[in-house]
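Remarks on the overall topology
Chain residues, written in single-letter form:
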Amino acid sequence: MSINKAKTLMRSLRWYHIGFAFVWAVMFGGLSIPADVGGDYGAYRVCQQVCVIAAVLVAMLIERFRMPFPPLCGVAAGLGLGLGALVFHLEFSFGVSLFGFSWASGMLLGCSAGFFYALWQQFFASEGASRTAIYIPLSAVLSVVLSAIMRVLPDAAQIACAVVVFPVLAAVSLRASLAEIRLSDPPPRMTRALAASTVRDLWKPVFCTCAIGLVWRLVSALFSVPADASSNAGIAGLALAAAVVLLIELVSDRGFEVMRVYQVLFPLVTGAFMLPSLLGVQYAPVVVGMLLFGFEVLNLLLIVTCAVYASERSVPAVHVYALCVGPTLASMFVGDILGTRLNPIIAYDFALGVNVLFVCVYALSLVLFFTSFRRSRRSSAGLQGRSIPFDMAVVGSSEPLTPAVSLDPEPEPSASTQKEVPDSSDIGLLFDARIEALGLSEPFSKREREVVSLVLRGNNVPGISRKLYISENTTRDHMKSIYRKAGVHSRQELIDLFD
């Protein structure tokens, strides 16, 4: 994006727009444990990872059946996050090991984090490509800063931040961010055709992220190296990943392509696997840090891609998140289990550990091989609407995407360039035709069409003003003109007119 556009976006940024950082700070930096940890830490990890996946799936079902998230859902998630962190530190920091504490802390933290992930994805999807590509990396950068600050604080202050300060800020920022959007009524629904299209479009970046996530957790558990920001290698890898993604978006005019990023990361990540085999097992933390760096780069890009995909194609954001990030969470869980099972064997046979590392390198190279193929572009009418495939998703590019499903207004195509309409399973592509079908005596202007498209996506006046870079008074003037031309008197009547 241009420097001027980046400055404009930064001026409109509010502190609560990057409140996702407080959740990450708790989950990655606020749950560090001493070396002589007591309690059943293995049970905690299993329960926490399973509950994250379960919470994302529950959020998807809530969205699937068009049940609105309760207004206090963010407050409940913040309360669960703080309570889970409290139970965690009671057992693993203070040694208050009561029956079920490990499972309780894992369940509370996992469910709270999963709901936070899903609800934040709704906000990111409502903000559009440019803002999403800024908000998510900035949240990651802030989470690194907060994790680094906690590391230098006394133990009591660290626990207070993880139990009280950050959960409260996470709940407040989520509620303030969600208040800026108004979900359409009825909300978009994920059909089987749309779900299949989403999987078909995004399987390559998901596959790459799953592979490196599995290897990262496998190697971390294999050599008993912390897999979060509680270690020096972990916080360095996370910080570098967040900085790389943010710089790519702010400096590059073309944005980024997920698959090409993986191709660049592959030699860097796999090259680090040589260190333990050549120089000794003491370099295992460097390998874990490099894997964490590679995974976080791809994971951040994947989260951005999911939000942009949901926004551009007007499909449920939580469904897209569950279909794409859900497999990533599952792959990390599988890697953790495999590493834990192999750890006792590797402890007695370093040569076997080196062989496992080379198997990981071979697996990552197979992923690169399979995802490097590109299917030939068919020229049938049903696929001509896809000018940029999302399996090579360009997010934040200076050139706009032409999505298969979009409510964004587009100029009337000339007879020589007009594209045929994709198949009927795609929704929202006929925005201009829907306006023409109203038979307005006084047509909408180009700007009024942009405002209408944002209204249909659930944006309120402040959200529309930020996205179109106009004042709220100007937005209200456009809304009055739209109501007058359409013969309606409220936002809901306008939505009903199009429904």
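Residues numbered from 1 in each chain as written. Predicted model: local features only at pLDDT ≥ 70, side-chain atom pairs only at ≥ 80, totals over all residues. Heavy atoms only, no water.

Before going further, it helps to spend a moment on the overall build of the protein. Each helix and strand in the protein was counted, giving 19 helices and two strands. Taken across its 499 residues, the protein has 54% of its residues classed as buried. Relative to all contacts within the protein whose residues are 6 or more apart in sequence, the contacts with residues 24 or more apart total 81%. Of the accessible surface of the protein, which amounts to about 21800 Å², a share of 65% is contributed by carbon and sulfur atoms. (Helix = DSSP H or I, 4+ residues; strand = E, 2+ residues; numbered from the N terminus. Buried < 20%, exposed > 50% of the residue type's maximum accessible area, 1.4 Å probe, protein only. Contact = heavy atoms within 4.5 Å. Areas by Shrake-Rupley, 256 points an atom, 1.4 Å probe, with all protein chains shown as cover.)

Two elements in contact, helix α6 (residues 129–152) and helix α12 (residues 284–313), have axes separated by 9 Å at closest approach and are oriented at 150°. In terms of orientation, α6 and α12 fall into the roughly antiparallel class. Crossing hand, α6 versus α12: right-handed. When α6 is examined against α12, the residues A129, T132, A133, I136 and A140 are found in contact with a partner set consisting of L300, I303, V304, A307, V308 and E312. Looking at the contact of α6 with α12 residue by residue, the class counts come to nine nonpolar, one polar and one charged. (Axes fitted to C-alpha atoms, helices over the stretch in contact; angles between N-to-C directions. Parallel < 35°, antiparallel > 145°, perpendicular 65-115°, else oblique. Left-handed = near helix turned anticlockwise from the far one by under 90°. Nonpolar A, V, L, I, M, F, W, Y, C, P; charged D, E, K, R; others polar.)

With respect to burial, helix α16 (residues 446–456) is a largely interior element, eight of its 11 residues being buried. Those residues of α16 that fall on the buried side of the exposure criterion are E448, R449, V451, V452, S453, L454, V455 and L456. Immediately beyond the C-terminal end of α16, within one or two residues, lies G458, with a positive phi of roughly 100°.

Glancing now at the confidence of the model for the protein. Taken residue by residue, the protein gives an average pLDDT of 77. The fraction at 70 or more is 77%. At the low end of the mean pLDDT range in the protein sits strand β2 (residues 394–395), at 44; at the high end sits helix α7 (residues 155–178), at 92. pLDDT under 50 marks residues 375–429. Its contacts with residues more than four places away, or in other chains, come to 115 contacts. (pLDDT = per-residue confidence, 0-100.)

As a further point, take the pattern of salt bridges. This model, assessed by the stated rule, comprises six salt bridges. Residue R217 is joined to D336 by a salt bridge in which the shortest nitrogen-to-oxygen separation is 3.6 Å. One end of the pair, R217, is in helix α8 (residues 192–222); the other, D336, is in helix α13 (residues 317–348), with 119 residues separating them in the sequence. Summarising the burial analysis for this pair, R217 and D336 share the class buried. (Salt bridge = Lys/Arg side-chain N within 4 Å of Asp/Glu carboxyl O.)

So, on to the environment of T371. Considering the arrangement of structural elements, one finds T371 in helix α14 (residues 350–371). The class for T371 is buried, based on a relative accessible area of 3%. Residues T371 and P205, spaced 166 residues apart in sequence, show a C-alpha to C-alpha distance of 8.5 Å. With near-sequence residues (within four places) excluded, T371 lies in contact with W203, K204, F207, C208 and M259.

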